[in-house]
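# Close look at the chain arrangement
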Amino acid sequence: MRVLAAMSGGVDSAVAAARAVDAGHDVVGVHLALSETPDALRSGSRGCCSREDADDARRAADVLDIPFYVWDFAAPFSAGVVDDFVAAYAAGRTPNPCVRCNERIKFAALLDKALALGFDAVCTGHYARLSDGVLRRAVDDGKDQSYVLAVLTPFQLAHALFPIGDTPKAQVRAEAAERGLRVADKPDSHDICFIPSGDTRAFLAERLGARPGPIVDAVSGEVIGDHAGVHGFTVGQRKGIGVDRPAADGRPRYVLGIEPVSATVTVGPAEALDVREIDTETPVWGCGTAPDGPVSCVVQVRAHGGLAPATAWPTARDGLHVELGEPLRGVAPGQSAAFYRPDPGGDVVLGSAVISAAR
């Protein structure tokens, strides 16, 4: 099988490519250039896809003795991931750019190009497992990335390889060292790859400018402060709200809601964050056919944590209404909801959808 290995320059994608070679596949490595200014995309362990990362990927490909290329995907990444991220925050939503990158870049633009060039599959260093086309959680719970892959369609999963999903991270690093890969001890990237400073609020403010509005206390109804833009907030946020006056009961306030038209941010007590119902849109069923009735499942609303038993019903507008068996907190429109089979272990991914409302 001809396999295109997406090599980010990190240890995970390097070992994934190595295992694809060991499996007897005809492997070609490719690094995606996602910015017109790659030197600005890394700051220590923050960010990725810099020239440093491209060089690390090339050296790993040399050790594996496979062809290696750098492909320019800056334009589709900017339009499909960065612009989408900014627009979502401007609309009072909380997007997940890793989900969008997998959906629109690695398993859309990249996969389309790979198939057009005669490759059979795209191989990545994601921590997830595939079994007969079924997506499952990784063995390493702390590194599991099935949540950000739950947006993939059956066709995309049929042309994907995730070789390291059955291995804990520590063993992946040890294997890289044994193979002589210099990235064995390279720190993991974290935060949002295209914001290497880690300052999301500043990044958005630079692109959206000042969009002032009131901060309203949900209990008293009073305006207790103002802000420079709804893009600086997300549901469930506690720190950095910018309200000096304490609540009447002395307890901390959290962001409860964001209304982008009036630029109103509503804050209140932690218990007001409890959500028991979720509405979603644009569902994708990686497991196959969309259900025509209620589905018992476990829903996950964040990349790590935020799980609850649930029942999901298809709606007339091609969405899902989800009732939770136990409340979740910090559920924000724009986040992805991933659905898992409610078996013991709950590791089989059914599909995903975008949260449009939470109550």
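Whatever comes next refers back to the structure up there.
Residue numbers here run from 1 along each chain, matching the order of that chain's written sequence. Given that the model is predicted, a residue must reach a pLDDT of at least 70 before its local features are reported, and side-chain atom pairs must reach 80 or more before they are shown or counted; all residues, however, enter totals for whole chains, interfaces and linings. For the side-chain quantities, the full set of heavy atoms in the structure was used; hydrogens and water were omitted.

## Here's the deal with the overall build of the chain
Secondary structure elements follow DSSP: runs of H or I no shorter than four residues count as helices, runs of E no shorter than two count as strands, and numbering proceeds from the N terminus. Looking only at helices and strands, one finds eight helices and 19 strands in the chain. Our radius of gyration is a C-alpha quantity, and the globule rule it is checked against amounts to 2.2 Å times the number of residues to the power 0.38. The C-alpha atoms of the chain give 21 Å as radius of gyration, which agrees with the globular expectation for 359 residues (21 Å, within 12%). For the chain, the C-alpha atoms occupy an extent of roughly 65 × 45 × 35 Å along the three principal directions. The proportion of buried residues among the 359 residues of the chain is 50%. In the chain, 64% of the contacts between residues at least 6 apart in sequence involve partners at least 24 apart. For accessible areas, the Shrake-Rupley method is used with a probe of radius 1.4 Å. Any residue's cover is judged against the shown protein chains and nothing else. Counting only carbon and sulfur atoms, one obtains 51% of the accessible surface of the chain, whose full area is about 15,900 Å². With 35 positive and 46 negative side-chain charges, the chain shows a spacing of 3 Å between the two charge centroids. Relative accessibility decides the category of a residue: with a 1.4 Å probe and only protein chains considered, values under 20% of the type maximum give buried, values over 50% give exposed, and everything between is partly exposed. Contacts are assigned to residue pairs with any non-hydrogen atoms lying within 4.5 Å of each other. Under the counting rule used here, the positive set is Lys and Arg, the negative set is Asp and Glu, and His together with the chain ends is not counted. The atom standing in for a charge is NZ when the residue is Lys, CZ when it is Arg, CG when it is Asp and CD when it is Glu.

## Topic: the pattern of salt bridges
For salt bridges, the criterion is a side-chain nitrogen of Lys or Arg within 4 Å of an Asp or Glu carboxyl oxygen. Applying the stated criterion to the full structure yields 29 salt bridges. Linking D84 and R100 is a salt bridge whose minimum nitrogen-to-oxygen distance equals 3.8 Å. With a gap of 16 residues between them, D84 in helix α3 (residues 74-90) and R100 in helix α4 (residues 97-116) connect regions that are remote in the sequence. For R100, a relative accessible area of 12% translates into the label buried. Here D249 ties to R251 by a salt bridge, and the two come within 2.9 Å at their closest N and O atoms.

## Details of the nonpolar core
By nonpolar core we mean a set of buried residues, namely Ala, Val, Leu, Ile, Met, Phe, Trp, Tyr and Cys, connected to one another through side-chain atoms within 4.5 Å. Among the nonpolar cores identified, the biggest contains 44 residues, and F85, L110, F162 and F194 are the most heavily contacted of them. Residue assignment for this core shows that the elements contributing at least two residues are β1 (2-6), β2 (26-33), α3, α4, α5 (146-149), α8 (200-208) and β18 (336-340). In terms of residue count, the dominant contributor to this core is α4 (seven residues). What F162 contacts, discounting residues up to four positions off in sequence, is F107, T124, H126, A128, L130, L135, L149, L152 and L157. Counting residues in hydrophobic clusters, the runner-up holds 26 residues, among them V27, L64, C123 and Y127.

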